[in-house]
Amino acid sequence: MAQSPVTPIGSSLGLGDDKSFSKAGVSSDPGDGEVSDHLDVDASHSEDGDHSNGLYAHREMSLTAEERKAEKRFLLKIDFIILPLIASIYFLAALDRSDVGNAAVAGMTADLNLTAAELSFCVAFFYIGFLAFQLPGSIMVRLLTPPIQLGTALVIWGGATAIMTEANNWQTIAGLRIVVGCFEAFIQGAPLYLTFWYKPHELATRGAIFMSMTSLAGSMNGLIAYSIQTTMEGAHGRRAWRWIFLIEGVASVGFGVLIFFILPNTPEKVKRWFTEEEKKIALRRTKEAYNIPNTKISLGQLKATVRDPKTWFYCVINLAAAISQAAWGQFLPVLLNLNGYTPNEAQIMSIPVYVCAGVSAIACGYLSDRFRMRGIFVIVGLLVAAAGWLVLILSKNQQLSYAGTYFVGIGSSPCVIVMLAWMNNNVLGYTKKAGTLAIVNMIGHLGAIGVSFSFNNKPDYYLGKSLAMGSALIATCTTILFFFYLDRQNARKLANKDTVEARMLRQKTVEEVFDGHPDFMYSK
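Residues numbered from 1 in each chain as written. Predicted model: local features only at pLDDT ≥ 70, side-chain atom pairs only at ≥ 80, totals over all residues. Heavy atoms only, no water.

Structural notes on the environment of Leu437
In plain terms, the rule: Strands here are runs of E lasting at least two residues and helices are runs of H or I lasting at least four, both read from the DSSP assignment and numbered beginning at the N terminus. The classification of residues rests on relative accessible area computed with a 1.4 Å probe and restricted to protein chains. Under 20% of the type maximum is buried, over 50% is exposed, and intermediate values are partly exposed. Contact between two residues is taken to exist if any of their heavy atoms lie within 4.5 Å; hydrogens are not considered.
Inspection of the secondary structure assignment puts Leu437 in helix α20 (residues 430-454). Note on Leu437: relative accessible area 2%, which makes it buried. When the C-alpha atoms of Leu437 and Gln134 are compared, they prove to be 8.5 Å apart, with 303 residues separating the residues in sequence. The residues contacting Leu437, other than those within four sequence positions of it, are Ser138, Gln188, Pro191, Leu192, Leu420 and Met423.

Here's the deal with a nonpolar patch on the surface
For clarity, the threshold we go by: Only residues whose relative accessible area exceeds 30% and that form no salt bridge are eligible for patches; like-charged ones are grouped when within 9 Å, while nonpolar side chains (Val, Leu, Ile, Met, Phe, Trp, Tyr) are grouped when within 5 Å. To measure how exposed things are, a 1.4 Å probe is used in the Shrake-Rupley method; for residues, cover is taken only from the protein chains shown. The term salt bridge refers to a pairing of a side-chain nitrogen on Lys or Arg with a carboxyl oxygen on Asp or Glu at a separation within 4 Å.
Taken together, the side chains of Tyr366, Leu367, Phe371, Met373, Ile376 and Val380 define a hydrophobic patch exposed on the protein surface, amounting to about 520 Å² of accessible area. For the nonpolar patch, the elements supplying multiple residues, two or more each, are α17 (343-370) and α18 (375-394). Checked against the element boundaries, Tyr366 lands in helix α17.

Thoughts on the layout of surface pockets
As a reminder, the rule being used: For cavity detection a 1 Å grid was placed over the protein atoms alone, and a set of points counts as a cavity when a 1.4 Å probe fits there but cannot get out; an open set counts as a pocket when protein lies on both sides within 12 Å along at least five of seven lines, with lining residues being those that have an atom within 4 Å of a point. Grid points are joined across faces, edges and corners, and a volume is the space filled by probe spheres set on the points. Residues are grouped as follows: Ala, Val, Leu, Ile, Met, Phe, Trp, Tyr, Cys and Pro are nonpolar; Asp, Glu, Lys and Arg are charged; all remaining types, including Gly, are polar.
Volume-wise, the second largest pocket comes out at about 450 Å³. Taken together, 21 residues form the lining of the second largest pocket, with Gln489, Lys493, Asp515, Gly516 and Tyr522 sitting closest to its centre. Listing elements by their share of the lining of the second largest pocket, those giving two or more residues are α15 (299-307), α16 (309-338), α21 (462-495) and α22 (500-505). It is α21 that contributes the most residues to the lining of the second largest pocket, 4 residues altogether. Residues belonging to the lining of the second largest pocket are distributed by class as follows: 9 nonpolar, 4 polar and 8 charged.

What to know about the environment of Leu176
Considering the arrangement of structural elements, one finds Leu176 in helix α9 (residues 170-184). A relative accessible area of 14% places Leu176 in the buried class. Taking the C-alpha atoms as reference points, Leu176 and Gly129, separated by 47 residues in sequence, lie 10.0 Å from one another. Once residues lying within four places of it in the same chain are set aside, the contact partners of Leu176 are Ala160, Ile163 and Met164.

Points about the packing of aromatic side chains
Stated precisely, the cut-off is as follows: Only rings of Phe, Tyr and Trp enter the pairing, Trp through its six-membered ring, and a pair is recorded when the two centres are within 6.5 Å. The plane angle decides the type: under 30 degrees is stacked, over 60 is edge-to-face, the rest tilted.
Applying the stated rule across the entire model yields 24 aromatic pairs. Taking 6.1 Å as the distance between ring centres and 90° as the angle between the ring planes, the aromatic pair formed by Trp241 and Phe245 counts as edge-to-face. Of the two residues, Trp241 and Phe245 are both situated in helix α13 (residues 240-262); the distance of 4 residues between them amounts to about one turn of the helix. Among the residues examined, Trp241 registers a relative accessible area of 0% and is labelled buried.

Describing the packing of helix α4 (residues 116-124) against α20
As a reminder, the rule being used: All axes are obtained by fitting lines to C-alpha atoms, using only the stretch in contact for helices, and the reported angles, taken between N-to-C directions, cover 0 to 180 degrees. Convention used here: angles under 35 degrees read as roughly parallel, angles over 145 as roughly antiparallel, angles from 65 to 115 as roughly perpendicular, and any remaining angle as oblique. For a crossing to be left-handed, the near helix must be turned anticlockwise from the far one by less than a right angle; the clockwise case is right-handed.
Interaxial distance between α4 and α20 falls to 9 Å at its minimum, and their mutual angle equals 165°. One way to sum up the angle between α4 and α20 is to call them roughly antiparallel. In this structure, α4 crosses over α20, and the sense of that crossing is right-handed. In this structure, α4 uses Ser120, Phe121, Val123 and Ala124 to contact α20, whose residues at the interface are Ile449, Ser452 and Phe453.

Overview of the nonpolar core
Heads up, the rule is: We define the nonpolar core as a collection of buried residues of types Ala, Val, Leu, Ile, Met, Phe, Trp, Tyr and Cys that are connected through side-chain atoms lying within 4.5 Å of one another.
With 142 residues, the main nonpolar core has Ile86, Ile89, Met108, Tyr193, Leu194, Trp197 and Trp389 as its most contacted residues. With 22 residues, the single largest contributor to this core is helix α3 (residues 65-111). Every residue in contact with Tyr193, bar those within four places of it in the chain, is listed here: Ile82, Ile86, Val141, Pro146, Leu263, Pro264 and Asn265.

With respect to unusual backbone geometry
Glycine aside, negative phi is the norm for most residues, and most peptide bonds take the trans geometry. Backbone geometry places Asn113, a non-glycine residue, at a positive phi of 55°. Its location among the elements puts Asn113 in the loop between α3 and α4. Classification of Asn113 by relative accessible area gives exposed; the value is 61%. Phi is positive for Tyr290, which is not a glycine, with a value near 70°. Structurally, Tyr290 is set in the loop between α14 (276-288) and α15.

Some thoughts on α13
Short version of the rule: The span one expects for a helix is its residue count, reduced by one, times 1.5 Å.
Taking 1.5 Å of rise per residue, 23 residues should cover 33 Å, and α13 covers 33 Å from first to last C-alpha, within 8% of that figure. Within α13, the full set of buried residues consists of Ala240, Trp241, Arg242, Trp243, Ile244, Phe245, Glu248, Gly249, Ser252, Phe255, Gly256 and Ile259.

Brief notes about α9
An α-helical segment advances 3.6 residues per turn. Residues three or four places apart therefore align on the same side. Formally: N or O atoms closer than or at 3.5 Å make up a polar contact, with two conditions inside protein: a donor-capable atom paired with an acceptor-capable one, and, for residues adjacent in sequence, both atoms drawn from side chains.
Under the 1.5 Å per step criterion, the end-to-end length of α9 is 21 Å for 15 residues, consistent within 8% with the ideal 21 Å. Along α9, the residues classified as buried are Trp170, Ile173, Ala174, Leu176, Arg177, Val180, Gly181, Cys182 and Glu184. Lining the buried residues of α9 we find α3, α4, α5 (126-132), α8 (146-163) and α13. Put simply, Asn169 is the residue that caps the front of α9, since its side-chain oxygen is 3.2 Å from the backbone nitrogen of Gln171.

Details of the environment of Gly158
As for its placement among the helices and strands, Gly158 is situated in helix α8. Since its relative accessible area comes to 0%, Gly158 is described here as buried. Taking C-alpha positions, Gly158 is 9.4 Å from Phe255, a pair spaced 97 residues apart along the chain. Ignoring sequence-local partners within four residues, the contact set of Gly158 consists of Asp96, Gly249, Val250, Ser252 and Val253.

A short note on the confidence of the model for the protein
Do not read the fine detail of predicted coordinates wherever pLDDT is low. Just so we agree on the cut-off: pLDDT: the predictor's confidence for each residue, scored from 0 to 100.
Overall, the predicted model of the protein reaches an average pLDDT of 84, with 88% of residues at or above 70. Model confidence for the protein, summarised as mean pLDDT per element, is weakest for helix α1 (residues 9-13) at 34 and strongest for α8 at 95. Confidence over residues 41-48 falls short of pLDDT 50; this stretch has 19 contacts with residues more than four positions distant or in other chains.

Topic: the pattern of salt bridges
Within this structure, the stated rule accounts for 21 salt bridges. Here Lys199 and Glu288 are joined by a salt bridge, their closest N and O atoms 2.7 Å apart. With a gap of 89 residues between them, Lys199 in the loop between α10 (190-197) and α11 (203-211) and Glu288 in helix α14 connect regions that are remote in the sequence. Taken as a pair, Lys199 and Glu288 share a single burial class, namely buried.

Okay, here's the thing in structure tokens:
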């Protein structure tokens, strides 16, 4: 991560904090507060602490031993309340998102006489709605409130999935997939929701846990599909693939109703689950995470998002990484099936691949938080994924090709997760952060649409595999270039910190100048 000489935060802002800092300017204990990674506030700007500095409200408070224990208990509490709920939402979303592949293997392709192109349409049409609603799905979290937004999304997309059980042609499935995509876009506000409750250096681990539900759902979806194929084929006159849609859709509707009542609101509005003392801790922590409670949507911040080069760096990285991950996630059962495994074997053989990918995501997320490093984990993951795709392109051996799917999953799964945590670390301002998240996701899912159409040349799928491998290599090169850009921006802030312009900007809040605040340092 970018390491620039800093003055201890306590002396620069007058907090009376005696935390020790390493020579590089980053806390010598990775367990300390994240603030030291981002602030460079010179003591000369204030003798007794510059209360007018826009970052003063987000300073890391000095805590007594008892207060630190209380915060640890609070952190554990939200880990057991918020995290399982968000993880379950992502699990159900991933089930409903990937059930077309499992349904295809379970007999849908034969029953509906689907061509390879029509199956690709059924997969890709999901992204039409998903892309169209990315921006409102991100920026409206505070306006709609998380319980209402996420609960409603679950109920509607689950209902659309359940209706697919009555489909008799690919057009019906494709149309309903657009509806599913529209409302799954509204759960994309979940990573933003977590930034209200967690500090920057806590995000990758938590993000990995709930986003790895995609991998867990992949393994469970294979198991569910296999169980349905073997136990419910023909039950009540329905084919197994129709039961897949019905069961998974009804599960989402039921959980959506539950979310209305049990998911905590934002820290400044939360009413249930927490004591008054815990609510105070939540408010303090959300401010330390560079949030301003009750912030409104800002058109100016959206404009700043589009003009910010960081937005487009993250877009390119996410686009290329998402192509690799989407190709692997959407077509794994089909690839295994066409690699010589029977349909039932393909469902079973995909399970350990998804599990290993999920473990990889969580491990990389934890290490990324622990060492306060983001980009290096993205690069390593992308290179591992590229190696896996190369194996899948060249190998004619069933076992070696199966091993290649592990490499792709283990490498691809952490990349988007760590990249999003990196983005949340380096982008300030509620609407700017939400807008960046939306744009990055939209661009990434455009890649997912493209890769869906590239997997239509049976039996080897060379075009799709080559596109996925090339994208992983492009993302690697872009990440390295981004390192140099962030170093240059930090150096520029340090060089200009005593200018008249910097002194004027220093008085503004993060909702006014965002991450352009002269004392905010970008991390790598």
